[in-house]
Amino acid sequence: MNETTPSTIAQKSNLERKIIRRERLSLIAKNKTFLVGAAILSFWIILAIFGNFIAPRGASDQDFEYVSVSPQWKFWFGTDANGQDVLSRVILGTRLIVVMAFTATALGTILGTALGLATGYFKGKFDMVIMRLVEAVSAIPVLIIALLAIAALEGRSPTLTVIVIGFVFTPNIGRTVRAAVLGESELEYVAAARLRTERTRHILFREILPNVLPPIIVEFTVRLGYAIFAIATLSFLGAGVEYGSPNWGSQIAENWGNIYSNIWWPTAFPALAIASLAVSVNLISDSLLEIFEL
Amino acid sequence: MKRFILQRLGLSVITVFLVCVIVFFLTRILPGDVARQYLGRGATEEDLIEFRRVFGLDQSLFSQLFTWIGHLLQGDMGESMQYRGPVSDLLLPAIGYSSKLAGVAFFIIVPFSIAGGVVAAMNRGKRVDRFITVGGLSAAVIPEFVWAIILVLLFGVTFQVFPVSAFPEEGARSLLNQIWHLVLPSISLLLVLFGYVARITRAGVIEALDSDYMRTAVLKGLTRRKAVVKHVLRNALLPTIAVIASQIPYLIGGLIAVEIVFNYPGFGTILKGAVDARDYSVLQAGVIISSLVIVSFQLIADILFALLNPRIRQKISE
Amino acid sequence: MSDTPALEFRNLEVAYTVRGIDREVLRNVSFSIAPGEAYGLVGESGCGKSTAAFAAMRYLPRNGKITGGSILFEGSDIVGMSSQDINNLRHSAISMVYQNPATALNPTIRIGDQVAEVFELQGLSKSDAYAHVEQALIKVQIADPAKVMRRYAHQLSGGMAQRVVIAMALASNPRLLVMDEPTTGLDATVEAEVLDLVRQLRKESGTAVLFISHNLGVIRHMCDRVGVLYAGALVEQGATEDIFSNPSHPYTVGLLRCIPRGGLHKNTDRLDTIPGTPPALGTHFDGCVFADRCALVEDKCRTTQPEMVTVGNSHVARCFHTDKAGSMPRAIDTVTVRVGQNPNRATTGTRLLDIDHLSKAFNQDGHVVHVVNDVSLQVGVGETLGLVGESGAGKTTIAKLILGLYGSDSGSHVVLDGKDLAGTLNKRDVKDVGAMQIVFQNPDQALNRRHSVTRIVGRAVQKLRGMSADDSTERAHELLSGMRVEATLHSARPVQLSGGLKQRVAISRAFAGAPQLVVCDEPTSALDVSVQATILNLLVDLQKQDGTSFIFISHDLGVVRYISDKIAVLYLGRVVEFGDSNRVFQGPHHPYTEALLSSVPNIDGSIRRRIPLTGVIPSPSNPPSGCVLHPRCPRMAGSGVEHLCTSIEPALTEVEPGHFMRCHIPLDQLRTVQTQ
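Residues numbered from 1 in each chain as written. Chains lettered and ligands numbered in written order. Predicted model: local features only at pLDDT ≥ 70, side-chain atom pairs only at ≥ 80, totals over all residues. Heavy atoms only, no water.

### Thoughts on the overall build of chain A
Tallying secondary structure elements over chain A gives 10 helices and 0 strands in all. Sequence-ordered secondary structure for chain A, helices as α and strands as β, is α-α-α-α-α-α-α-α-α-α. Overall, the C-alpha framework of chain A stretches about 80 × 50 × 30 Å when taken along its three principal axes. Sorting the 294 residues of chain A into buried and exposed places 55% on the buried side. Considering only contacts in chain A between residues 6 or more positions apart, those separated by 24 or more positions represent 71%. (Helix = DSSP H or I, 4+ residues; strand = E, 2+ residues; numbered from the N terminus. Buried < 20%, exposed > 50% of the residue type's maximum accessible area, 1.4 Å probe, protein only. Contact = heavy atoms within 4.5 Å.)

### Here we look at the overall build of chain C
Summing up its helical and strand segments, chain C has 25 helices and 24 strands in all. The C-alpha radius of gyration computed for chain C amounts to 26 Å, which stays within 12% of the reference 26 Å derived for 676 residues, consistent with globular compactness. If one aligns the C-alpha atoms of chain C with their principal axes, the spans along those axes are about 75 × 70 × 45 Å. By the burial criterion, 58% of the 676 residues in chain C qualify as buried. Here the analysis covers contacts within chain C between residues at least 6 apart in sequence; of these, 67% occur between residues at least 24 apart. For chain C, the computed accessible surface area is about 25800 Å², with 48% contributed by carbon and sulfur atoms. With 66 positive and 69 negative side-chain charges, chain C shows a separation of 4 Å between the mean positions of the two kinds. (Rg over C-alpha atoms; globule rule 2.2 N^0.38 Å. Areas by Shrake-Rupley, 256 points an atom, 1.4 Å probe, with all protein chains shown as cover. Lys, Arg positive; Asp, Glu negative; His and termini not counted. Charge placed at Lys NZ, Arg CZ, Asp CG, Glu CD.)

### Observations concerning the interface of chain B and chain A
Taken together, the contact between chain B and chain A spans 50 residues of the former and 46 residues of the latter. Of the roughly 4300 Å² buried where chain B meets chain A, counting both sides, 75% is carbon and sulfur surface. Its largest share of buried area at the contact with chain A, chain B owes to V141, F145 and I149 of chain B, together 13% of the area lost on that side. Residues E290 of chain A and R130 of chain B are paired through a salt bridge, measuring 3.4 Å at the closest nitrogen-oxygen approach. The interface formed by chain B and chain A contains 5 residue pairs in polar contact (both at pLDDT 80 or more). (Buried area = accessible area lost by both parts, 1.4 Å probe. Salt bridge = Lys/Arg side-chain N within 4 Å of Asp/Glu carboxyl O. Polar contact = N/O pair within 3.5 Å; in protein donor to acceptor, adjacent residues only side chain to side chain.)

### Observations regarding a positive patch on the surface
Residues R206 of chain A together with R450, R455 and R493 of chain C make up a contiguous surface patch of positive charge. On the secondary structure map, R450 of chain C appears in the loop between α16 (443-446) and α17 (453-465). (Patch = residues over 30% accessible without salt bridge, like charges linked within 9 Å, V, L, I, M, F, W, Y side chains within 5 Å.)

### Some words on the packing of helix α3 (residues 86-122) of chain A against helix α9 (residues 248-255) of chain A
How two helices sit against one another is set out by the angle between their axes and by the gap between those axes. Residue and element names in this part refer to chain A. Between α3 and α9, the least distance of the axes is 8 Å, while the angle of their chain directions is 135°. For the element pair α3 / α9, the angle class is oblique. Between α3 and α9, the contacting residues are R89, V90, G93, T94 and I97 on the first element and W248, Q251 and E254 on the second. Tallied by class, residues from the contact of α3 with α9 come to 3 nonpolar, 3 polar and 2 charged. (Axes fitted to C-alpha atoms, helices over the stretch in contact; angles between N-to-C directions. Parallel < 35°, antiparallel > 145°, perpendicular 65-115°, else oblique. Nonpolar A, V, L, I, M, F, W, Y, C, P; charged D, E, K, R; others polar.)

### Focus on the packing of aromatic side chains
Going through the model one piece at a time under the given rule, you end up with 25 aromatic pairs over all chains. In textbook terms, an aromatic cluster arises when at least three aromatic residues are bridged by ring pairs, as seen for F77, W264, W265 and F269 of chain A. (Phe/Tyr/Trp six-rings, centres within 6.5 Å; stacked < 30°, edge-to-face > 60°.)

### Comments concerning the sheet that holds strand β17 (residues 419-420) of chain C
Residues and elements named next belong to chain C. Strand order in the open sheet made by the 4 strands is β14-β13-β16-β17, with antiparallel pairing throughout. On the outer flanks of this sheet lie β14 (367-380) and β17, each paired with one strand and no other. This element, helix α14 (residues 395-403), spans β13 (351-364), β14 and β16 (413-416) of the sheet and lies at about 115° to β13. (Pairing = 2+ DSSP bridges.)

### Quick look at the interface of chain C and chain A
If you look at the interface, chain C gives 50 residues, while chain A gives 31 residues. Carbon and sulfur atoms make up 52% of the area that chain C and chain A hide from each other, which totals about 3600 Å². Summed over the shared surface of chain C and chain A, the result is 3 salt bridges. Between K463 of chain C and E198 of chain A there is a salt bridge, with its nearest N and O atoms 4.0 Å apart. Looking at the side of chain C that touches chain A, the elements that each hand over two or more residues are β1 (7-18), α1 (49-56), α15 (430-435), β18 (436-439), α16, α17 and α19 (499-510) of chain C. By residue number, the principal contributor to the side of chain C that touches chain A is α17 of chain C, which donates 5 residues.

### Topic: the side chain of Q251 of chain A
Topologically, Q251 of chain A is positioned in helix α9. The contact partners of Q251 of chain A, leaving out residues within four places of it in the chain, are R89, V90, P246, P266 and P270 of chain A.

### Comments concerning unusual backbone geometry
Residues and elements named next belong to chain C. Unlike most non-glycine residues, D417 shows phi in positive territory, near 50°. Take D417: it is sitting in the loop between β16 and β17. The partly exposed category is assigned to D417, whose relative accessible area is 36%. With a phi close to 50°, E522 is a non-glycine residue in the positive phi region. In this fold, E522 is placed in the loop between β19 (517-521) and α20 (529-546). Taking the relative accessible area as the measure of exposure, E522 reaches 10% and is therefore buried.

### Description of the sheet that holds β18 of chain C
All names here are of chain C. Pairing within the open sheet is mixed, and its 8 strands lie in the order β18-β19-β20-β15-β21-β22-β24-β23. Edge positions in the sheet fall to β18 and β23 (653-656), since each has one partner strand and no second. Each strand axis lies, on average, 25° off the axis of its neighbour in the sheet, ignoring direction.

Below, the structure is given as structure tokens:
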């Protein structure tokens, strides 16, 4: 027996058990990385919800007297070549990317979990075939597949982008879930369930799933970061974007040429927004990875 | 051993074939008439028929697939829809350029990331470790184009250290100068790919450091440094090979945005142009080529892994 | 021979820092090992024995520190030594061998190179080192050293790997050898060989040995003096004979009492137990560490720490009541639980389970591997059938085949209470499924970590007995309380319970459907000895009350002998002997049984003549021709039937009423040869 860590806790009363659960949660709450990430993310979520009320101007409001002016009292983030207020556009673009990222990741996670459960538990030929397909899809860069799909679908809508990204994420999430399920299904409590005539559905959802939830949750947060990454890049490249929407990526795409003329603000602020949103999500997933020791 | 390689090769071929099928159907099966999409609203019926004939779109899906694959195997990538010239003329030079960029990037990324992972693992828990781990992964979620633009702003415009275009002008295209121009773009890619590779390397080193055989080495009387060099590194670096191969897709994907920002006539730029113009021939060919590259790297990584891991090597030679 | 002890711990205190708090792991431990002496440190989990071993090498984990006292090697304190000096000691004077030899060797470096490292550290050139490596491997009785030197760790069997590790340890000619559970996890016959090797090497080289184990039989067999550790404190110490014949600390007394020795049987004797569980590593105590579990406890035991009291010649014990320890009142627990009568229950003794021609072949990497070969067994009502055998015997596979977790090959029949059961689980009746259940070895994996204890047992009741959810919950509470799982713990999750408690929950679940037969697959192997006794008593009680039959699988022959009515000995997927437990243990035995029995070091100190088995257990994918034991059989030579042994596989025949053997050698001949 390994004696370098305290052995299993002996008999405990109800009260003491509650203390153990609180300890886990407090570990999360005390983790500096988590707190910083959660703070920044909360800020962005608030902006996403209340952006319409906070932004001083509309997304398409143009003021031709103030074209490409640098940050000043009237326009905190300056204006771009169309006379539009950068600050407002950044704020208003929040909801779009936040909602898209969450939805796409959620879609991918649900599909990936289903895939992982099925292949991890049933194995056999079904598993082999699916894994071959997954490998094939993994051999195509995520970005390229997304571009291809959006181009093929004449993508101009964010919904499409969300669906495409969700599907593209499914194989990788499926792989992670599959690995976890493979491990769990070897454990004897699954055999014990069969030995009391439990049906497959019960075993998958009531026995195995609760035990693979922690890695799934962590995977969700990791993928969320990549979703933000992908959505920003896709909108920068012009795919899946509605004309004129205050999309951070397309804001940069429209304005980045001007950095050579030292007009950095219409590019820098959306860029910083993307960076901080992505990093905040990443900090959260990092801290969770640490706590769950994955 | 030969049989193993052939087996893996066979699997790779299957994978590439599946990719072809997926890509093909993605562009054909999804709603929308290719010809109409391409030629736009103003197209006449004759134009549409002509277009379809030229690009074989009037045949059944399966025969299209097989004709296309047949051509591919002969090296014929078809005709570009926008330029009406061979796709290969468009893609091949671009691939050459991108290879240079990817090459430079690869030779910067691999040593840096591995070194980062090792340093983090050896200083577990200290500030250096947290900086590399958390910093690395945070940098990885920031899109390449954002990094590219920040780097251009900082080192190209504000402090003019590096050139802002990746493509040197006429007359200054010595090898050294080309590489110099590729430094900033490579760093954009490095920042995104560093984090994950360093993290996996770190995990591998830590696992080796915590292992029983490391304990044996120390208890034998080896100094810690000798023990690490002799026992830890060769075990720890095995998973690193696998993870580097897994990052090649992201490297290729990242090329697109980086090449655009740095004005580089590479594969990514061509692909972006093809997306904008709905040039399916170019798109298909492009995706297949990138998949070929990725699958080849995975094959090499698998073989390398098997060679270096005695357990697998022995199993194969039985 | 100098008087300075090879190793001395003086009032050593070691603590681990966990989440900012220092937890005491070794408390004021003092002992000394004379040059050439073998000193055994024995204790259960959490007692700190591994920590003591690593402290002797000054190799504590990152969060461990020495908070007091000193460790003297040949007179010099190693606590304050520089790392260079410690390294010198490690490659020239002190060596260590520990559990799990396979992971102790680097998987990507050849064996020869790894062993050569030790010699190179001593300054030898590479070629000289290799020559020495060959010598070292021969010394540990490795037959073909050159071949082994070119191999990698994963290609060696457990016993071979441990020999290599021992060779590495002895290569530096150490004056002190620290061995931490070196044979735990190895098969019985392999373990016996390795221990024999160690004894011989000790005799040749005169090395002092610090031998750490939880197995009292092994300790008795190997050591001159013994120290008993409990919760990080040395509670008793003395010459081996003295400790075992006159234990003077209540813990030692209790420990010796709860081990099922030869001669005890469930029908006539009940095992003693030590109530409670060993404390978690690092618990703080104001008084005696054992006070919470001691039958002789008084108030002062809880408040003051007892000093070491001299009981005999260099025999000391840390207790206020050393004189009363030997005659301590026995702690025998009785468990009352009505599992529920099955109305169709036949009378005890009649046939309950018939296993006929059970076979199973698996497909591994293209080879067909026959894991179970034509096994036929019977279990009566209210009877326990013990299954013994080493790795490759197929015991767990047989259990899974009987239960229907794997499908058996055609020709196999499992007949329960007259009914021929379907091959796989999903084709069986609910009633039949509930009639045969299993308790697994590892309760951490056998209980769903996310479910509460009540849910685990309640669900089983619900599915197997068709009760409503509410009724099942109530019944679950009944079962759990009956198995001495307190009501306050019923809503707990498994991770919050100790090993013994978890196993009780597993047993409650197995009994949820009022089974007629329960398979127990190494149910106590992962538990401490003091906890094991409670579980064994529990199983015996359940059998007495409800006439449940058991198939008890274990590698621990002492436990099997105690609890079984009949025994089947398995080798390479075949039954080689089957009969009453008395008959099988007393003899005449099958040659394999004989070798197996002789390899177990007895706790009562009696020395059985060792009948060694040469070679290693063959792989099931490539079994020997004729009798599968013949390449290793100790009784084949000179038996007169060698030609049969090598060509024809013997059938399982009834050599005496109720006693079956699979051997060509006639029973009388075996009897003569084995009683010489």
